[in-house]
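# Coordinate analysis (summary)
One letter stands for each residue in the lines below.
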Amino acid sequence: MIQFELSDDTPVYVISVAAQLSGLHPQTLRTYDRLGLVSPGRTAGRGRRYSLRDILALREIQRLSTEGVGINGIKRILELEDQEQRNQALLAELHAEIVQLRAELESTRAVAARLAGLLRSRNKGADLVPVRRSDVSVTAQPPAGAARSREGRSGAGALGRT
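Here's a quick rundown of the structure. What you see is a predicted model, and the numbers here were worked out from it, not measured in a lab.

### Observations regarding the overall build of the protein chain
Looking only at helices and strands, the protein chain has five helices and two strands in total. Starting at the N terminus and ending at the C terminus, the protein chain contains elements arranged as α-α-β-β-α-α-α. Burial statistics for the protein chain: of 162 residues in total, 14% are counted as buried. The contacts in the protein chain between residues at least 6 apart in sequence include a share of 51% that link residues at least 24 apart.

See below:
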């Protein structure tokens, strides 16, 4: 047995059923399709198949039409409503991403604070470069020839004139 899932966008209703569900005449549905107000799916034989979303749109078109809105106005309203739904979905997606990024930022800050604390506790009173402490002290002295070469360069004799 083949199983498939139906969604609100799955085109399953033939034009006569869609006309009954929407309260419109089948010819009106064909006209709305031709004008681009709805876009039903098509079978291999080019027959129209309407989805639940199409039927809801047809009901909205009928409501707006009875309120005196023209076809161009209805088309624009439907476009704006569709854009609003896409924007709402994008907004929800971005909001979820912001929540995730904030959680990651807090986690990163906590790790950085722990590392900084570890470094401070390790380096209290310590040198930048760890040095092994011993009883021997070492002092630096200049090489024996370095003192004489500095004396020879000072004064007027440094340029080689007398």
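### Section: the pattern of salt bridges
Across all of its chains, the model carries eight salt bridges by this definition. A salt bridge links Arg-63 to Glu-60; the nearest nitrogen and oxygen atoms lie 2.6 Å apart. Remark: Glu-60 and Arg-63 occur in helix α3 (residues 52–66); sequence separation between them is three residues, near one turn of the helix. In this structure, Arg-86 engages Asp-82 in a salt bridge whose closest nitrogen and oxygen atoms are separated by 2.2 Å. One end of the pair, Arg-86, and the other, Asp-82, are both in helix α4 (residues 71–123), four residues apart, so they sit about a helical turn from each other. Salt bridges here are not isolated pairs; linked through shared partners, they connect Asp-33, Arg-42 and Arg-48.

### A few points about unusual backbone geometry
Positioned with a positive phi, Arg-46 is a non-glycine residue whose angle comes to about 75°. With respect to the helices and strands, Arg-46 occurs in the loop between β1 (41–42) and β2 (48–49).

Rules and cut-offs
- Residues numbered from 1 in each chain as written.
- Predicted model: local features only at pLDDT ≥ 70, side-chain atom pairs only at ≥ 80, totals over all residues.
- Heavy atoms only, no water.
- Helix = DSSP H or I, 4+ residues; strand = E, 2+ residues; numbered from the N terminus.
- Buried < 20%, exposed > 50% of the residue type's maximum accessible area, 1.4 Å probe, protein only.
- Contact = heavy atoms within 4.5 Å.
- Salt bridge = Lys/Arg side-chain N within 4 Å of Asp/Glu carboxyl O.

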